[in-house]
Amino acid sequence: MTEETTLSAGPGAVARRLREGMAGGVLSFPLTSFRDDGTLDPEGFRAYVAERLAASPGAVFPACGTGEFFSLDEDEYRQVVTIAVEEAAGRVPVVAGIGYGWAQAARFARIAEDAGADALLVLPHYLVAAPQDGLVAQLEQIAARTPLPLIAYQRGQVAFTAASLRRIAAVPNVIGLKDGHSDLDRLQRLTLAAPEDFLFFNGAATAEIQARAYATVGVPAYSSAVHAFAPEIADAFFAALRDDDHGTVDTLLRGFYVPLVELRDRVPGYAVSLVKAAARLRGHRVGPVRAPLTAPSPADLAALTALLTTGLDLVGAAL
């Protein structure tokens, strides 16, 4: 889709495309490629995004948490979103991350709009806690400055009440919510408070661990960090969950996902740096993480290599 087509389609049409995509595949959050000296590697990113798209995700979310949005300057952000849009070529929706305070988020929103993104994921704001009125106002301020549809992301210091969810859902271009808190009581209240066509998806770290539980409260769609390096595993899990093949789900959880989470939890930041290390093990040109993230230790990299080999073997693939 071109930028003009995207904007003329409106939030409702974008939401429908996202809903269709979410029903057919996991949501892909691509890594951002850097060279060894820490500079952006546009060619590496283009090749990597093309490989993600070849694995048929439901949508692609560049420059978000897994994509190290927090470390990108505005020019780098422009390149990343532009490349993702060019490679997607309208096949799946492209939802770009934006964040910080509303003024800076609006600057990133304009860049994403110019690049042709279909929608925006509003990452949790920087540093400070805020009351519910402030959380709502943050989205209202951003929405007033962009025609693109917005998906709110509640995680960390951002957690909406049902009353606040009704308020943000009334903003014409706010179309959905990504949840990273895994508080199913709260999430059930939010889904019941929302309009029928409002989008929800599971954005917990290593979302597959809780995918069945989220589905019980009406949120079957989820983002998959594993898709960033092993779409064979991510797709096998998605298919098993969709088909109620609980034996395969349990096998993949026990043999791969739970050990991955245990490894991830050893060091802060491993939710991104382990994913990037695993992508490099698969031969993807993604490069290192940027500070303040750090590369896995040699021992943890060896453990990751063994675990990745096991996971791929479970689905009949190879490293």
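About the criteria used
- Residues numbered from 1 in each chain as written.
- Predicted model: local features only at pLDDT ≥ 70, side-chain atom pairs only at ≥ 80, totals over all residues.
- Heavy atoms only, no water.
- Pairing = 2+ DSSP bridges.
- Helix = DSSP H or I, 4+ residues; strand = E, 2+ residues; numbered from the N terminus.
- pLDDT = per-residue confidence, 0-100.
- Contact = heavy atoms within 4.5 Å.
- Axes fitted to C-alpha atoms, helices over the stretch in contact; angles between N-to-C directions.
- Parallel < 35°, antiparallel > 145°, perpendicular 65-115°, else oblique.
- Left-handed = near helix turned anticlockwise from the far one by under 90°.
- Salt bridge = Lys/Arg side-chain N within 4 Å of Asp/Glu carboxyl O.
- Buried < 20%, exposed > 50% of the residue type's maximum accessible area, 1.4 Å probe, protein only.
- Expected span 1.5 Å × (residues − 1).
- Right-handed = clockwise from strand over helix to strand, strands pointing away.

Across the sheet, three strands lie side by side as E2-E1-E8; this open sheet has parallel pairing. Only two strands of the sheet have a single neighbouring strand rather than two, namely strand E2 (59-60) and strand E8 (223-224). With two bridges connecting them, strand E1 (residues 27-28) and E8 associate as parallel partners. Among the inter-strand pairings, serine 28 is bridged to a residue of E8, identified as serine 224.

This brings us to the confidence of the model for the protein chain. Summarising the model, the protein chain shows a mean pLDDT of 95, and 97% of its residues fall at 70 or more. Every residue in residues 1-8 is under pLDDT 50, and counting partners more than four places away or in other chains gives 16 contacts.

Right, let's get into the packing of helix H6 (residues 162-169) against helix H7 (residues 184-193). Two elements in contact, H6 and H7, have axes whose closest approach is 9 Å; the angle formed by their N-to-C orientations is 40°. Here H7 runs oblique to H6, going by the angle between their axes. H6 and H7 meet at a crossing whose hand is right-handed. Between H6, through Ala162, Leu165 and Arg166, and H7, the contact on the second element is made entirely by Arg189, Leu190 and Ala193.

Inspection of the entire model under this criterion finds 16 salt bridges. A salt bridge links aspartate 75 to arginine 78; its shortest N-O distance comes to 3.9 Å. Taken together, the residues span about one helical turn, with aspartate 75 and arginine 78 both in helix H3 (residues 74-88) at a distance of three residues. The class for aspartate 75 is partly exposed, based on a relative accessible area of 43%. Exposure remark for arginine 78: the relative accessible area of 38% places this residue in the partly exposed category.

Take helix H9 (residues 231-242) next. An α-helical turn contains 3.6 residues, so any two residues separated by three or four positions project in the same direction. In a regular helix each residue adds 1.5 Å, so twelve residues correspond to 16 Å; H9 covers 16 Å between its end C-alpha atoms and thus fits that length. Residues of H9 that are buried include every one of Pro231, Ile233, Ala234, Phe237, Phe238, Ala240 and Leu241, and no others. A positive phi of about 55° marks aspartate 244, the residue just after H9.

On to the pairing of strand E3 (residues 95-98). Side-chain alternation along E3 places Val95 and Gly97 on one buried face and Ala96 and Ile98 on a second face that is also buried. Direction of pairing for E3 relative to strand E4 (residues 119-122): parallel, over a ladder of four bridges. Bridge pairing links glycine 97 to leucine 121 in E4. Handedness of the crossover joining E3 and E4 through helix H4 (residues 102-115) is recorded here as right-handed.

Turning to unusual backbone geometry, a few remarks are in order. If a residue is not glycine, its phi is most likely negative; likewise, a peptide bond is most likely trans. With an omega of 15°, the peptide bond running from alanine 291 to proline 292 counts as cis. Within the secondary structure layout, proline 292 lies in the loop between helix H11 (270-281) and helix H12 (298-314). Here serine 56, not a glycine, exhibits a phi torsion of approximately 60°, which is positive. By the secondary structure assignment, serine 56 is in the loop between helix H2 (42-54) and E2.

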